[in-house]
Amino acid sequence: MSDVPHPDRAATGEPPQDPDEVALGAAVAAFKAGDFAATRRRLTALRARELPAGLRAQVDELWRRTGADPVALWTAVGSVVLFLVIIYLTYWR
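Here's what I pulled together on the structure shown here.

Thresholds applied
- Residues numbered from 1 in each chain as written.
- Predicted model: local features only at pLDDT ≥ 70, side-chain atom pairs only at ≥ 80, totals over all residues.
- Heavy atoms only, no water.
- Helix = DSSP H or I, 4+ residues; strand = E, 2+ residues; numbered from the N terminus.
- Buried < 20%, exposed > 50% of the residue type's maximum accessible area, 1.4 Å probe, protein only.
- Areas by Shrake-Rupley, 256 points an atom, 1.4 Å probe, with all protein chains shown as cover.
- Salt bridge = Lys/Arg side-chain N within 4 Å of Asp/Glu carboxyl O.
- Core = buried A, V, L, I, M, F, W, Y, C linked by side-chain atoms within 4.5 Å.

1. What to know about the overall build of the protein chain
Next, step 1: When helices and strands are tallied, the protein chain shows five helices and zero strands.
Next, step 2: Seen in sequence order, the protein chain has helices and strands lined up from the N terminus as α-α-α-α-α.
Next, step 3: Here the protein chain holds 93 residues, and the buried ones make up 22% of them.
Next, step 4: About 6500 Å² of surface is accessible on the protein chain, with carbon and sulfur atoms providing 62% of the total.

2. What to know about the pattern of salt bridges
Next, step 1: By the definition in use, this model includes four salt bridges.
Next, step 2: Arg47 is paired through a salt bridge with Asp60; the nearest N and O atoms lie 3.7 Å apart. Taken as a pair, Arg47 in helix 3 (residues 36–47) and Asp60 in helix 4 (residues 53–65) lie far apart in primary sequence, 13 residues in all.
Next, step 3: Three or more residues joined by partner-sharing salt bridges are found here, namely Glu61, Arg64 and Arg65.

3. Thoughts on the nonpolar core
Side chains of nonpolar character tend, in soluble globular proteins, to be buried together.
Next, step 1: Ranked by size, the top nonpolar core spans 10 residues in total: Leu24, Ala27, Val28, Phe31, Leu43, Leu46, Leu51, Leu55, Val59 and Leu62.
Next, step 2: Counting residues per element, the ones that place at least two in this core are helix 2 (19–33), helix 3 and helix 4.
Next, step 3: Per-element accounting of this core gives the leading share, four residues, to helix 2.

Printed below as a string of structure tokens:
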């Protein structure tokens, strides 16, 4: 994905020097590899720190991308409600 956030220095080919940029780079690498659990673990540690605004925006964007899909959540809730209605109409009516 070309629009995945990345540390500014890594974009220019210069190795990141700041530990927060290194941690974000590791989170981005995990994201690109499809390891979203590792991405969330690394981002959790980053979100607990004070970060510069640009780095914070990149962390927040990656956090949003690895979160639960609202459509999937509402579909699951609707399925459970429908199941309960069917059970009620089948057995208690």
